[in-house]
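# Breakdown of the fold
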Amino acid sequence: MQRIVVLGAGFAGLWSAIGAARALDERGIGADQMEVVVVNATPWHSVRVRNYEADLSGVRVPLADVLGPIGVRLVVADIVDLSVSDRTITCIAAGGPTQLAYDRMVFCLGSRLVRPPIPGLREHAFDVDTYEAAMRLRAHLAGLAREPRSSGQATVLVIGAGLTGIEVAAEMPGRLAAVMADHPQARPRVILADRAQRIGSDMGEGACSVIAEALTALHVETRAAVEVAAIDAGGATLTGGERIDASTVVWCAGMAASPLTANFPVARDRSGRLAVKPSLKIEGLSAEFAAGDAAWFAIDGAHSCVMSCQHGRPMGRFAGHNVVCDLLGEPMLALNIDWYTTILDLGPWGAVYTEGWDRRVVARGAVAKRTKETINRQRIYPPTSRDRQEILAAAAPIVQKPPSYAQPAAAP
Ligand SMILES: Cc1cc2nc3c(=O)[nH]c(=O)nc-3n(C[C@H](O)[C@H](O)[C@H](O)COP(=O)(O)OP(=O)(O)OC[C@H]3O[C@@H](n4cnc5c(N)ncnc54)[C@H](O)[C@@H]3O)c2cc1C
């Protein structure tokens, strides 16, 4: 029996596993000949992109509901080591350390928040990188009103105005108002800070002004070109010595690929990502594939794929299909996606939808928000019906169309 091991069950890993199961099913190959095993730290598929939302119910899907009906084995364990030369994975499961040999591997351990050595950051800053971290932030906010009164009690300082930081900040006025509703004397305040000269500059000129309009409407204060020197339980100190009192500091600055990418005897990019071919096989290796945030290649032949579920899901579907083809000596498919979009949530104000690598704004406000909600609550979810055929069909190695949006009909 041959074994395909998929590491991680996020957007790339879950879809790799389903893609591999689909390719085996299509060829009539049973689990007695080729086994697909997924190793993940938790028994959940976490819809990580929703961690900035106030309501976190439904952001985790039980992996057993998706993998069980398609005959994929799930191992819940922390992967602590891997050896390409021995083709083995070492993990710590509930029963202790265990090793798993593979014939082919798909590496999908994703990315994690970068935490630079700023004094107090690890101890005092919150984040939304994982479900657990988002729940910790949620519990902290819920307890704010019970804290002794202080100048920063109702202030949230969000550091890092990339896409995640903007989404977190845009939700915060509403979340703060809700938890401080019985304390009218406390003035909720949200500050979004970044070292860049302009807030939202990553999103391009057109979207930047939409973001500014939304943040102003939501009363989110912005601080560009600032550097945080230290964080403590009561707030942050900037490099120039300025103090910002805030009982809640949320760190949203920077992502890096899983540190286990260092175990591969190949070069990595500056985010720690492994270079892969359009087949998703790791450049320079023969039995190892990678997909999602831990991998990069020119997704349209010119632009590097982006750490995103937008790219992670199709990378997973193609990696899963190709890993089976590779084992069987069949030709593999090349992934090429000729479109790129960004749909940024701007809280109760709405959202902004851009198309293309130059990020042209095509929809904004409530229109873009409808698209964002469809993406976050439907498009990126695996089927939860437990229907084997429906689950397998969803992993076909094809490229979806961009998410649609509809402008309201013009008044007659
Ligand atoms: C708040 C937020 C908002 C975002 N918004 C968007 C958005 O709007 N659009 C978009 O496209 N992208 C967005 N992203 C990025 C997106 O979430 C990631 O690009 C995506 O999750 C990457 O998928 P992945 O499968 O590579 O990694 P992940 O989804 O991170 O999955 C990795 C999996 O591996 C597991 N794992 C990791 N290490 C180990 C280990 N050592 N042992 C065992 N298991 C392990 C994890 O538990 C996880 O299940 C957002 C991210 C965040 C945090």
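Residues numbered from 1 in each chain as written. Predicted model: local features only at pLDDT ≥ 70, side-chain atom pairs only at ≥ 80, totals over all residues.

### Some points on the site of the ligand
Cut-off, in case you're wondering: Using a C-beta atom placed from the backbone for every residue, we mark a residue as near a molecule or strand if that atom lies within 6 Å of it. Under the scheme applied, nonpolar residues are Ala, Val, Leu, Ile, Met, Phe, Trp, Tyr, Cys and Pro; charged residues are Asp, Glu, Lys and Arg; polar residues are all the others, including Gly. Where a domain begins and ends is set by an automatic assignment or by a domain database.
Gly8, Gly10, Gly110, Gly292 and Ser308 are the nearest of the 32 residues found near the ligand. A class-by-class count of the residues in the shell around the ligand yields 13 nonpolar, 15 polar and 4 charged. Two domains each provide a minimum of three residues to the shell around the ligand, namely domain 1 (2–112 + 255–338) and domain 2 (115–251).

### Section: the domain arrangement of the protein
The test is simple: Distance between backbone-placed C-beta atoms decides contact: two residues are in contact if it is within 7 Å.
Split by domain assignment, the protein resolves into domain 1 (2–112 + 255–338) and domain 2 (115–251). Centre-to-centre separation of domain 1 and domain 2, based on C-alpha positions: 33 Å. Each partner contributes to the interface: domain 1 provides 9 residues, whereas domain 2 provides 11 residues. Residues belonging to the side of domain 1 that touches domain 2 are distributed by class as follows: 4 nonpolar, 2 polar and 3 charged.

### So, the sheet that holds strand β21 (residues 341–345)
The condition is simple: Any two strands between which DSSP finds at least two bridges are classified as paired. A helix here means a DSSP run of H or I that spans at least four residues, while a strand means a run of E at least two residues long, and both kinds are numbered starting from the N terminus. Note on method: axes are straight lines fitted to C-alpha atoms, helices fitted across the in-contact stretch only, with angles between N-to-C directions ranging 0 to 180 degrees.
With respect to topology, 3 strands assemble into an open sheet ordered β21-β22-β23, the strand pairing being antiparallel. The outermost strands of the open sheet, each flanked by one partner alone, are β21 and β23 (360–364). Recorded for the sheet is a direction-independent mean angle of 20 degrees between the axes of neighbouring strands. Here 4 bridges tie strand β22 (residues 351–355) to β23, and the two strands are oriented antiparallel to one another. Bridged to Tyr353 within β23 is Ala363.

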